[in-house]
Amino acid sequence: MAIKRSGNGKSNNNNDKKTPNKKRQSKKQTNKIETKPSLVRAVATSEDSSEAQIRPNTLSGYIGQKELKETLKIAIAAARGRGEPMDHLLLYGPPGLGKTTMSLIIATEMEVDCKITTAPALERPRDISGLLVNLKPGDILFVDEIHRLNRIAEELLYPAMEDFRLDITIGKGQTSRIRSVPLKPFTLVGATTKVGSISSPLRDRFGLIQRLRFYEIDELTEIVLRTAKLLKYPIEPDAAEEIARRGRGTPRIANRLVRRVRDYVQVQKEPVITQSNAAIALDKYNVDRFGLDWTDRLILSTLIDNFHGGPVGLETIAAATGEDKKTIEEVIEPYLLQIGFLQRTSRGRAVTERARSHLQKS
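Model, not experiment: these values are computed from the prediction. (Residues numbered from 1 in each chain as written. Predicted model: local features only at pLDDT ≥ 70, side-chain atom pairs only at ≥ 80, totals over all residues. Heavy atoms only, no water.)

Participant: Is there a simple way to explain the packing of helix α11 (residues 314–321) against helix α12 (residues 325–338) in this structure?
Facilitator: When two helices pack together, their arrangement is given by the angle between their axes and by how far apart the axes lie. Where α11 meets α12, the axes come as close as 8 Å, and the angle between the chain directions of the two elements is 105°. Looking at the two axes, α11 sits roughly perpendicular to α12. Each of Leu314, Glu315, Ile317, Ala318 and Thr321 in α11 lies in contact with α12, whose residues at this interface are Lys325, Ile328 and Glu329. Partitioned by chemical class, the residues of the contact of α11 with α12 number 4 nonpolar, 1 polar and 3 charged. (Axes fitted to C-alpha atoms, helices over the stretch in contact; angles between N-to-C directions. Helix = DSSP H or I, 4+ residues; strand = E, 2+ residues; numbered from the N terminus. Parallel < 35°, antiparallel > 145°, perpendicular 65-115°, else oblique. Contact = heavy atoms within 4.5 Å. Nonpolar A, V, L, I, M, F, W, Y, C, P; charged D, E, K, R; others polar.)

Below is the structure:
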């Protein structure tokens, strides 16, 4: 909040001469447990801006997502044959699987520009109107987190997506009127991690709705080898597989691990990344052979030690570990469910025998 000051910066009010009372800071005791930095959390880091250096720019160079690539090849070839923009595309799936990269590849294959934005940035009508009016024929507009679009922005998109028309209200009250502004034909690519949160009218206006799945270890191994090559640091195939195994099926996390292993090996003055030094480096970063970090193991061990493995309610887990309930449900829990370390029941979360065995060995 801005602080207003008078022109000369002084005040004649005697009350202004008094020093402001110090705010009392209540020291409330909480059970918040200090968490350690994580390399496998789906949060933005300063290194994410360098992802452009290692992103593929063609469908042939894109590793994994075979079904998606086949569908897009047909859609792109058909659109180019007709000389029209591709149908609007909705990509959904967990973060870090390549939704932004895929939109840039589509733009390259269609030989058009790609404008990137996020739904929270489109708060006012003029924000999205400015983007739509400035699009050139065939351009791609990529909207990340599209499930967070507000109602006004969403309703502006309806005629834009269907009829390439922007309806603007001019004036107020009885003098108001609607003016239709023609738009150049374009392709809207929406990305979301919560496809169920998108309203039906918006979802139905997408001609293609595609899901991105988690990557297999062999696919991630190829990505790790490619990334290490672009980083210009030699790596052995076994080392690439070791990193891929701990990458949680997500290219963004695997690429992050490659950088950290590279840093460790470089400091140790070893010329090649091997399986042994990669394993040592990842152990130092608290990333085990299943890709679990310190927080994942904290939640599992708390369930086992304090609640005999469960079932336990989500709020109880959050209170016992000091983690935010939403973070557990949306960030930590999905991967533990995917690898069979956690179960959801009507009574709460429960640890599986597989998780018990892994924690005993580690």
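The discussion continues.
Participant: Just to check I follow, could you spell out the pairing of strand β3 (residues 140–144) for this structure?
Facilitator: Each regular strand displays side chains that alternate between the two surfaces of the sheet. When you tally the buried positions in β3, you get 4 out of 5 residues, the bulk of the element. Sheet topology places strand β2 (residues 114–118) next to β3; 5 bridges connect them, and they run parallel. Residue pairing for β3: Ile116 is matched across the bridge by Phe142. The pairing of β3 with strand β6 (residues 187–192) spans 4 bridges and is classified as parallel. Bridge assignment links Phe142 to a residue of β6, and that residue is Val189. (Buried < 20%, exposed > 50% of the residue type's maximum accessible area, 1.4 Å probe, protein only. Pairing = 2+ DSSP bridges.)

Participant: Sorry if this is basic, but what is going on with unusual backbone geometry here?
Facilitator: That bond from Gly310 to Pro311 is cis: its omega, 10°, falls within 30 degrees of zero. Its place among the elements puts Pro311 in the loop between α10 (294–307) and α11. If you check the backbone angles, Glu145 has positive phi at about 50° while not being a glycine. On the basis of relative accessibility, which here comes to 27%, the residue Glu145 falls in the partly exposed class. For Lys232, which is not glycine, the phi dihedral falls at a positive 60°. The residue Lys232 is located in the loop between α6 (217–230) and α7 (237–245) in this model. Overall, the relative accessible area of 75% leaves Lys232 in the exposed class.

Participant: Please clarify how the nonpolar core should be interpreted in this entry.
Facilitator: Where a protein is soluble and globular, its nonpolar side chains tend to be buried together. Ranked by size, the top nonpolar core spans 46 residues in total, and within it Met86, Ile106 and Ile243 carry the most contacts. Considering each element in turn, this core owes the most residues, 7 residues, to helix α8 (residues 251–267). Here Met86 is in contact with Leu72, Ala75, Ile76, Ala79, Ile106, Met110, Thr187 and Leu208, once residues within four sequence places are set aside. Counting 23 residues, the second-largest nonpolar core is a separate cluster that includes Val143, Leu149, Leu166 and Leu202. (Core = buried A, V, L, I, M, F, W, Y, C linked by side-chain atoms within 4.5 Å.)

Participant: What exactly am I supposed to notice about the packing of α10 against helix α13 (residues 353–361) here?
Facilitator: One can describe the packing of α10 onto α13 by two numbers: an axis separation of 11 Å at closest approach and a directional angle of 110°. By the angle between their axes, α10 is roughly perpendicular relative to α13. On α13, the residues touching Arg297, Leu300, Ser301 and Ile304 of α10 are Ala355, Arg356 and Leu359. Considering only residue class, the contact of α10 with α13 consists of 4 nonpolar, 1 polar and 2 charged.

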